[in-house]
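Residue-level listing of the chains:
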Number of protein chains: 2
Amino acid sequence: MNIGEIASRAGVSRSTVSYALSGKRAVSDATRRRILRVIAEAGYRPNASARALAEGRTRTIALVIPPAGPRLTTIQLGFVASIVAAAGRHELDVLLSPSGGEHDRSFERIVAGRRVDGVILMEVRMRDPRATRLRESGLPFVAIGHTADGGTGCWVDLDYEGLVASCVHHLADLGHQTIALVNRPQEFLELGYGPARRALDGFVAAVAARGLTRIAVCCADEAMAGETCVEDLLTTHPEVTGLVTVNEAALPGMERGLRRLGRAVPGGFSVTGVVGRHWAEGFHPPLTAADVPIAAMADRAVELLAERISAPGAPAGHVLLSPPISLRASTAPPARR
Amino acid sequence: MNIGEIASRAGVSRSTVSYALSGKRAVSDATRRRILRVIAEAGYRPNASARALAEGRTRTIALVIPPAGPRLTTIQLGFVASIVAAAGRHELDVLLSPSGGEHDRSFERIVAGRRVDGVILMEVRMRDPRATRLRESGLPFVAIGHTADGGTGCWVDLDYEGLVASCVHHLADLGHQTIALVNRPQEFLELGYGPARRALDGFVAAVAARGLTRIAVCCADEAMAGETCVEDLLTTHPEVTGLVTVNEAALPGMERGLRRLGRAVPGGFSVTGVVGRHWAEGFHPPLTAADVPIAAMADRAVELLAERISAPGAPAGHVLLSPPISLRASTAPPARR
DNA sequence: TTGTAAGCGTTATCAG
DNA sequence: CTGATAACGCTTACAA
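The rules behind the values
- Residues numbered from 1 in each chain as written.
- Chains lettered and ligands numbered in written order.
- Predicted model: local features only at pLDDT ≥ 70, side-chain atom pairs only at ≥ 80, totals over all residues.
- Heavy atoms only, no water.
- Pairing = 2+ DSSP bridges.
- Helix = DSSP H or I, 4+ residues; strand = E, 2+ residues; numbered from the N terminus.
- Axes fitted to C-alpha atoms, helices over the stretch in contact; angles between N-to-C directions.
- Least-squares fit on C-alpha atoms with pLDDT ≥ 70 in both.
- Contact = heavy atoms within 4.5 Å.
- Parallel < 35°, antiparallel > 145°, perpendicular 65-115°, else oblique.
- Left-handed = near helix turned anticlockwise from the far one by under 90°.
- Nonpolar A, V, L, I, M, F, W, Y, C, P; charged D, E, K, R; others polar.
- Near = heavy atom within 4 Å.
- Polar contact = N/O pair within 3.5 Å; in protein donor to acceptor, adjacent residues only side chain to side chain.

Chain A goes by LacI family DNA-binding transcriptional regulator in an unreviewed UniProt entry, where it is assigned to Nonomuraea marmarensis.

A. Local environment of the sheet that holds strand E5 (residues 154–158) of chain A. Spatial strand order, E11(A)-E5(A)-E4(A)-E3(A)-E1(A)-E2(A)-E2(B)-E1(B)-E3(B)-E4(B)-E5(B)-E11(B): twelve strands in an open sheet with mixed pairing. At either margin of the open sheet sits one strand with a lone partner, and together these are strand E11 (318–321) of chain A together with strand E11 (318–321) of chain B. Averaged over neighbouring strand pairs, the angle between their axes works out to 20° when direction is ignored. Pairing of strand E5 (residues 154–158) of chain B with E11(B) involves four bridges; the strand directions are parallel.

B. Focus on the relation of the copies chain B and chain A. With an RMSD of 0.1 Å, chain B superimposes on chain A once it is rotated by 180° and translated 0.1 Å along the axis. The operation mapping one copy onto its partner corresponds to a two-fold rotation axis. Most of the interface of chain B is mirrored in chain A, where 100% of its interface residues are also at the interface.

C. A look at the packing of helix H1 (residues 3–10) of chain A against helix H3 (residues 29–42) of chain A. Residue and element names in this part refer to chain A. Axis separation between H1 and H3 bottoms out at 9 Å; the angle between their running directions is 125°. The angle between H1 and H3 falls in the class oblique. Crossing hand, H1 versus H3: right-handed. Contacts between H1 and H3 involve Ile6, Arg9 and Ala10 from the first element and Arg34, Ile35, Val38, Ile39 and Ala42 from the second. Residue classes in the contact of H1 with H3 are distributed as six nonpolar, no polar and two charged.

D. Expanded view of the protein's contact with DNA strand C. The environment of DNA strand C is made up of 29 residues, and the closest members are Ile3(A), Ser18(A), Tyr19(A), Thr16(B) and Arg25(B). The sugar-phosphate portion of DNA strand C accounts for 53% of its atoms within 4 Å of the protein, the bases making up the rest. Interatomic distance of 3.4 Å between a backbone N/O atom of Ala50(A) and a base nitrogen of DNA strand C. Here a phosphate oxygen of DNA strand C and a side-chain polar atom of Thr16(B) are 2.7 Å apart. The class makeup of the residues in the surface near DNA strand C is eleven nonpolar, ten polar and eight charged.

Here's what the structure looks like:
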């Protein structure tokens, strides 16, 4: 079933059918009605490939996800789902492309083959070869996270620096003197992964501003790592009375570790940070934390990308989100020594 | 940059360039080399839309994911990643389509617009309108899970029935008399979601076969629900000495609930079931369970779909996977009363 | 071994 | 208000 078939059944030319559908040219009410009826009867829909070829755009965007290897976190998953939902609202389909290692071919296929009108890049690094490649290809893209050249490209990001600082201030206000940061994995920091970097920066600065003592550690994105991490931390530094974390996946393990050490939360130890709402609520007791606003980030990213696609010349848009800290039950003044 | 440009730079016709690339016609070594050099210099890749239009296939498959609403589980996420990876090995791209509720337009856009060569349907229900729609459209598809008409379509599934039965037998062999099943949410059962249904069937049958006493409960896909579920279960039925579960997301909560009730695992209570490896290993103590073989399922699904696409007439393939139970540390003979 | 030309199904331009 | 017709960029008979 194609447009020609519809045209002949409705007794009009193919162009009239096309215009009746797109509304880009006036069509008499009678013929439009007739055409639409035929279309409904036949269950016709324009062929996407033909349309893409003729229009020069695919009505599709690519979502480049991080390598699946180390296991994607729940946040990442929620993000993928939110992007798809947001794209749907713009009548855009989403092509998924894994990145890293052996998956370069997929990325290249999509970019060089002009399979999409734009790209959303998840988990972008400060200097990211994919961003470089996209820039040279001229394909519009928005990064989740800053790249090194903050100004040129589009991005949406969480203000990890400010958020972690807020957490530090919160603990300082409660009277804590020595606090720890449980960051994302060491490799991430070394690879210049923005959130890990800026969490550390924000931590160091805020701790200095308040005259506190700090211990910063990295931790694999896993419950078990969180457990040993907390145990190591508190055996080598028993004076630590609170921690802030940006590592949600380690949270369940941290909960176990603290319990094992006899540190009740929040009476004997305070925990806060920036993590997905689901993780915060699943913690015992519920975690006082800045909730990562996944849906909002996805919405803004798609919106930015859609603008960029329709007006490639427009100035690059940036969005830095800074959600409030939700006060739940995991922080309190430190225990008297 | 298009094929004509390459052709003129290499001093040949467009068809020769096409054939040099596809290998579907002999091309002299000299010209092929020349063409490939020009292509490399220009960084040329065939336009995917044009190719799709000419060839009548898009080299893309759709992955229809469950509604994002209730939160996707880690298994689902791993599955998405595995499908993308497997598809990449077949040089296929993956279009993501949410399903359910407001997302029907996305599905319809993809199916009716012929945007893909085939579809993988996740979390299929016994009577699934999407499967019906695909059958009538003639688009090849493979379902993850059976549909009601088991024979006609392609599917790959886990043998939940047999697997849960194996778990029951394992507990029975250890001497347990009264055991519980912690199933997926009630609504899933009511909607005729296969795994929930068949887990229950396998449980009931195996318990009967061994002359045990059973309690079957449903539980939301959440840690907190797992906690209250286990607590309710053991306060109303303290005689239960072990449980089998297919609800991985509830596992962390079940761990907490058991601890709170003073039921040490495995000394005072046994736990087993079929869940993702990651969840099994994250349990304390590590869970004796059948590990959901996500990657294998994804591989087989893509393989089946690829076959189906290239040979639409061939008989429908079915794959019923039945991974072994990994013996870890969460089951033991019941405590003497 | 290579070139010519006819599609593939739309959209968009140009006439009427 | 509507109909021819030329793109869009590629694949693939059909010729040479």
